[in-house]
Amino acid sequence: MTSTTAADRPVLDVLRDASHALRSVAVGATDEVRALVAARDALDAAISEGLLRIDETAAHEAEGASSVQTWARREVRLDASETRARLRSARAMRELPAMARLHREGRISAQHVVLFDFSLRHVGESQTRELEAALLEVALVAEPAELKRVVRRFKDVEHPEALDEAWVRGMERRDLQVHRCGDGWHVSGFLPIQVGARLQAFLTSSSVPVAEGDERTAAQRRVDALDTLLERVLAEGLPTDGTVAPQLHVLVEAGTLRAALAPGAPSVFEGGEPATLVGFGMIGSGLLRHLTCGATLTPILVERIEPNLRILDIGRAERYATRRQRHAIWLRQGGECASDGCRNPIDHIHHEIAWSLGGPTDLGAMTGRCAACHTRIHARDGTIRSVA
């Protein structure tokens, strides 16, 4: 039988209390859960300190393991990242004895201890020792998320120079990508501080339940709120100097559209080719009805051979490209700038021969250009952009 040290006794006491709670019929469910959570936290403390002893005494080598991480993975099914985190927690317990005692007694959790370790490494060892009592007051009554908020606040106060450094790093990392994925789109990226704060403020205020009985999840309400924002922006156009507002384009045969919009239309297509949402692919009749509800329909007669589209009829020419012409040019170019090698979205309809020089407003005499390319063309030929 092995002997117990003074540090071990609180752990055993907590386990004994939990055992009594499980065996007693007089203990209620709330007391039982409290005892079990305390036992779990005390066991976490013992496991972390035990792993540190194995590491420092190289006890793992006696069992043929090259490291404590290898031993823990093989013998107790802990992955290397958890083992490393537990080793850091055990070292933090040595630096902060009051925190260690409460963890062994099951009064604070392993997640709380991780934040004390974070404070030692990022706020500072001496500062954390001075703050230990104040941090423990929070840890004893609050969940780890609240303690994390307090620790980060202390970090910002102690190291204000890091605030702008973090902002600059975030600006360098800024990224947003949207990729088609299965039944929809996958969004990934990294938002810098101010952009993320704006998005968070919008989603928080716009994704509350709109009425009693709203059964959407919070995540679904956030997506719906973003959809509403994008719908309004696309409807009003972007604040650019261009003539082409961003739009969704759906290609659909006239007969298919009439069938889909007819009262009592089936949820699947019967004959004809499904509609195509440009940039995504074919869509069902249900989504087609949803997209066309309240939309501006612009009929454009085209001849379609495989992926190729040839505009057959577009309407009369005017000084400026008509709405139908703009849509046709967008469709003809797939929404991309006509300049060689440029893949930017179309922002302006450009007369290849300037209107002021007698150029016609004919479909075959105009191309769609992005803002940068359009400016570059007129800077090169010396014409006035507003009359091109």
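Residues numbered from 1 in each chain as written. Predicted model: local features only at pLDDT ≥ 70, side-chain atom pairs only at ≥ 80, totals over all residues. Heavy atoms only, no water.

**Student:** What should I look at first to understand the overall build of the chain in this one?
**Tutor:** For the chain, the count of helices and strands is 15 helices and nine strands. Burial status across the chain gives 32% buried among its 388 residues. Taking all contacts inside the chain whose residues are at least 6 apart in sequence as the whole, residues at least 24 apart take part in 51%. As presented, the chain carries roughly 24,200 Å² of accessible surface, and 55% of it is formed by carbon and sulfur atoms. (Helix = DSSP H or I, 4+ residues; strand = E, 2+ residues; numbered from the N terminus. Buried < 20%, exposed > 50% of the residue type's maximum accessible area, 1.4 Å probe, protein only. Contact = heavy atoms within 4.5 Å. Areas by Shrake-Rupley, 256 points an atom, 1.4 Å probe, with all protein chains shown as cover.)

**Student:** Explain the pairing of strand S1 (residues 175-181) here, please?
**Tutor:** Side-chain positions along a regular strand alternate between the two faces of the sheet. Two strands pair when backbone bridges link them, and S1 and strand S2 (residues 184-190) are joined in this way by seven bridges, in the antiparallel orientation. From the neighbouring strand, His179 faces S2, where its bridge partner is His186. (Pairing = 2+ DSSP bridges.)

**Student:** Just to check I follow, could you spell out the packing of helix H2 (residues 29-57) against helix H3 (residues 68-75) for this structure?
**Tutor:** Angle between the axes and distance between the axes: these two values describe a pair of packed helices. Direction vectors running N to C along H2 and H3 enclose 130 degrees, while the axes themselves pass 10 Å from each other. The pairing of H2 with H3 is recorded here as oblique in orientation. Counting all contacts with H2, which are made through Leu51, Ile54 and Asp55, the residues of H3 involved are Val68, Trp71 and Ala72. Residue composition of the contact of H2 with H3, grouped by class: five nonpolar, no polar and one charged. (Axes fitted to C-alpha atoms, helices over the stretch in contact; angles between N-to-C directions. Parallel < 35°, antiparallel > 145°, perpendicular 65-115°, else oblique. Nonpolar A, V, L, I, M, F, W, Y, C, P; charged D, E, K, R; others polar.)

**Student:** When you look at unusual backbone geometry in this model, what are you seeing that I'm missing?
**Tutor:** Most peptide bonds adopt trans geometry, and most residues besides glycine take a negative phi value. Even without glycine at this site, Ala58 takes up a positive phi of about 55 degrees. Given a relative accessible area of 25%, Ala58 falls into the partly exposed group. Phi is positive for Arg77, close to 60 degrees, though the residue is something other than glycine. With respect to the helices and strands, Arg77 occurs in the loop between H3 and helix H4 (80-95).

**Student:** How should the sheet that holds strand S3 (residues 250-251) be read in this particular structure?
**Tutor:** In a beta sheet, neighbouring strands pair by backbone hydrogen bonds and run either parallel or antiparallel. Sheet architecture is open: three strands sit in the order S3-S4-S5, paired in antiparallel fashion. Each end of this open sheet is capped by a strand with a single partner; those strands are S3 and strand S5 (281-283).

**Student:** Any chance you could explain the pattern of salt bridges here in plain terms?
**Tutor:** Any two side chains of opposite charge can pair, given that their charged atoms come close. Overall, the coordinates contain 18 salt bridges when judged by the stated rule. Measuring nitrogen to oxygen at the nearest pair gives 3.6 Å for the salt bridge that ties Glu336 to Arg343. For Glu336, a relative accessible area of 33% corresponds to the partly exposed category. The structure contains a network of salt bridges with shared partners spanning Asp44, Glu82 and Arg86. (Salt bridge = Lys/Arg side-chain N within 4 Å of Asp/Glu carboxyl O.)

**Student:** So what exactly am I meant to see when it comes to the nonpolar core here?
**Tutor:** Side chains of nonpolar character tend, in soluble globular proteins, to be buried together. Residues Met99, Ile108, Phe116, Leu135 and Leu147 are the most contacted members of the largest nonpolar core, which totals 23 residues. When residues of this core are traced back to their parent elements, those giving at least two are H4, helix H5 (97-104), helix H6 (110-122), helix H7 (125-141) and helix H8 (144-158). Aside from chain neighbours lying at most four places away, what touches Ile108 is Asp41, Met99, Leu102, His103, Val113, Leu136, Ala139 and Leu140. Counting residues in each nonpolar core, the second largest holds 10 residues, with Trp71, Ala72, Leu87 and Ala90 among its members. (Core = buried A, V, L, I, M, F, W, Y, C linked by side-chain atoms within 4.5 Å.)

**Student:** How should the packing of aromatic side chains be read in this particular structure?
**Tutor:** The full count for this structure, using the stated rule, is zero aromatic pairs. Positioned above the aromatic ring of Phe190, the side-chain terminus of Arg173 is 3.7 Å from the ring centre. (Phe/Tyr/Trp six-rings, centres within 6.5 Å; stacked < 30°, edge-to-face > 60°. Lys NZ or Arg CZ within 6 Å of the ring centre and 35° of its normal.)

**Student:** What exactly am I supposed to notice about the state of the cysteines here?
**Tutor:** Working definition of a disulfide: a covalent bond connecting the sulfur atoms of two cysteines. Following the criterion strictly, the structure yields zero disulfides and no others. Left without a disulfide partner, Cys342 is nearest to the cysteine sulfur of Cys370, which lies 3.8 Å away. Overall, Cys342 belongs to the buried group, its relative accessible area being 11%. (Disulfide = S-S within 2.5 Å.)

**Student:** Sorry, what's going on with a nonpolar patch on the surface here?
**Tutor:** Judged by side-chain polarity, Leu176, Val178, Trp185, Val187, Leu191, Val195, Leu199, Leu226, Leu229, Leu230 and Val233 come together as a nonpolar surface patch covering roughly 900 Å² of accessible area. Counting only elements with at least two residues in the nonpolar patch, the list comes to S1, S2, helix H10 (193-206) and helix H11 (218-236). Per-element tally for the nonpolar patch: the top contributor is H11, with four residues. If you trace the backbone, Val187 turns up in strand S2. Note on Val187: relative accessible area 54%, which makes it exposed. (Patch = residues over 30% accessible without salt bridge, like charges linked within 9 Å, V, L, I, M, F, W, Y side chains within 5 Å.)

**Student:** Explain the environment of Val157 to me, please; I cannot follow it from the model alone.
**Tutor:** Its place among the elements puts Val157 in helix H8. A residue is classified by how much of its surface remains accessible, and Val157, at 57% relative accessible area, is exposed.

**Student:** Quick question: what am I supposed to make of H7 here?
**Tutor:** Because each turn of an α-helix spans 3.6 residues, side chains separated by three or four positions end up pointing in the same direction. For H7, spanning 17 residues, the distance from its first C-alpha to its last is 24 Å, which sits close to the expected 24 Å at 1.5 Å a residue. Taking the largest bend as the criterion, H7 deviates by roughly 55 degrees, centred on Glu132. If you check which residues of H7 are buried, you get Gln127, Thr128, Leu131, Glu132, Leu135, Leu136, Val138 and Ala139. Against H5, H6 and H8 lie the buried residues of H7. (Expected span 1.5 Å × (residues − 1). Bend = angle between axes of the 7 residues up to and from the residue.)

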